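# Structural characterization, general
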Amino acid sequence: MVDIADKQSKTAALPQAEPAERRALPRWLITSGSIAVMLILWEIFGRQVNPVFGSYPVAIAVAFWELLVTGQLWAALYDSLRPFVIGYGLAIVIGVPLGLLIGGFRTAEAALGIYVTAGYAMPLVALVPLLILWLGLGFTVKVAVVFLMALFPICINTWLGVVAVPKTLIEVGKSFVAPDLVILRRIVLPATLPYIMAGIRLAVGRAVVAMVIAEFFTTISGLGAVIINSANNFDTATMFVPIIILMLMAVGLNSLIGFVERTVAPWQ
């Protein structure tokens, strides 16, 4: 009887096998599968479309290689990236301090807030002919178009971020007799950082659109020139190459900004 009781106690003490938990698929695997399915479907149905009206991934890859070998793609990409980088960088450098100023001071909000709101709502494409009259058809007007298209999302998001800062945090700073600049730098700016990064991410798409618009309306160059020339020649496969590059550039920059956000604001 003792042996049977000991065996039962040992059996009860053994860990019971738990059912295997279902693990969620990695995000990169889901994204890769979605892209693969989309490319397969595009390849199948794209081959049935008239080449004048559409294309398919294999033909686009061949056109990409031809542009790459001839060096035309590198030259076009360089011409497009120069105004993009300068205009987008200026929008960040000016938009963030302007948003902090408008959100932090009621006088600045009353004086400048209406212009920022109107500038964001206005279709800035309508200003391109006027900018051409002022700045010509060269490099400067392209920078100006990118700058104006990217400025307002950054400024407005920063402005809203400052307004959303909990008042209790600011009151704590004032209770320690901290100057306004210290409160802005130590309290408001860290709390507003997620809003700032969201505005910068939103501005990426607008800046890419502005870059192409500027190349269409001004001196035809860069990736916009490849799009227009291939469309005029009914070369749809080549026309898709810069379009896909622009999409990949926007996605890559968005991911890069997200990485920077996780680095500078890990609490988010």
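Placed above this text is the structure.
Description of the structure in this document. (Residues numbered from 1 in each chain as written. Predicted model: local features only at pLDDT ≥ 70, side-chain atom pairs only at ≥ 80, totals over all residues. Heavy atoms only, no water.)

Turning next to the nonpolar core. The biggest cluster of nonpolar side chains holds 59 residues, and the ones touching the most others in it are Tyr88, Val145, Ile200, Met211, Leu223, Val241 and Leu246. Counting residues per element, the ones that place at least two in this core are α3 (57-70), α4 (72-104), α6 (128-135), α7 (139-163), α9 (180-217), α10 (222-232) and α11 (236-264). No other element matches the 16 residues that α9 contributes to this core. (Core = buried A, V, L, I, M, F, W, Y, C linked by side-chain atoms within 4.5 Å. Buried < 20%, exposed > 50% of the residue type's maximum accessible area, 1.4 Å probe, protein only. Helix = DSSP H or I, 4+ residues; strand = E, 2+ residues; numbered from the N terminus.)

Right, let's get into a nonpolar patch on the surface. On the surface, Val37, Ile40, Leu41, Ile44 and Phe45 cluster together to form a nonpolar patch covering roughly 480 Å² of accessible area. Looking at the secondary structure, you find Ile40 in helix α2 (residues 27-46). (Patch = residues over 30% accessible without salt bridge, like charges linked within 9 Å, V, L, I, M, F, W, Y side chains within 5 Å. Areas by Shrake-Rupley, 256 points an atom, 1.4 Å probe, with all protein chains shown as cover. Salt bridge = Lys/Arg side-chain N within 4 Å of Asp/Glu carboxyl O.)

Let's shift gears to the pattern of salt bridges. All told, the structure shown has two salt bridges when counted by the stated rule. Between Arg47 and Glu43 there is a salt bridge, with its nearest N and O atoms 2.8 Å apart. For Glu43, a relative accessible area of 15% puts it in the buried group. Arg201 is the partner of Glu261 in a salt bridge, and the nearest nitrogen-oxygen pair spans 3.5 Å. Taken together, the residues Glu261 in helix α11 and Arg201 in helix α9 connect sequence positions 60 residues apart. For Glu261, a relative accessible area of 14% gives the class buried. Arg201 sits in the partly exposed class, given a relative accessible area of 33%.

Honestly, that's just the spatial picture; any functional story needs more than this.
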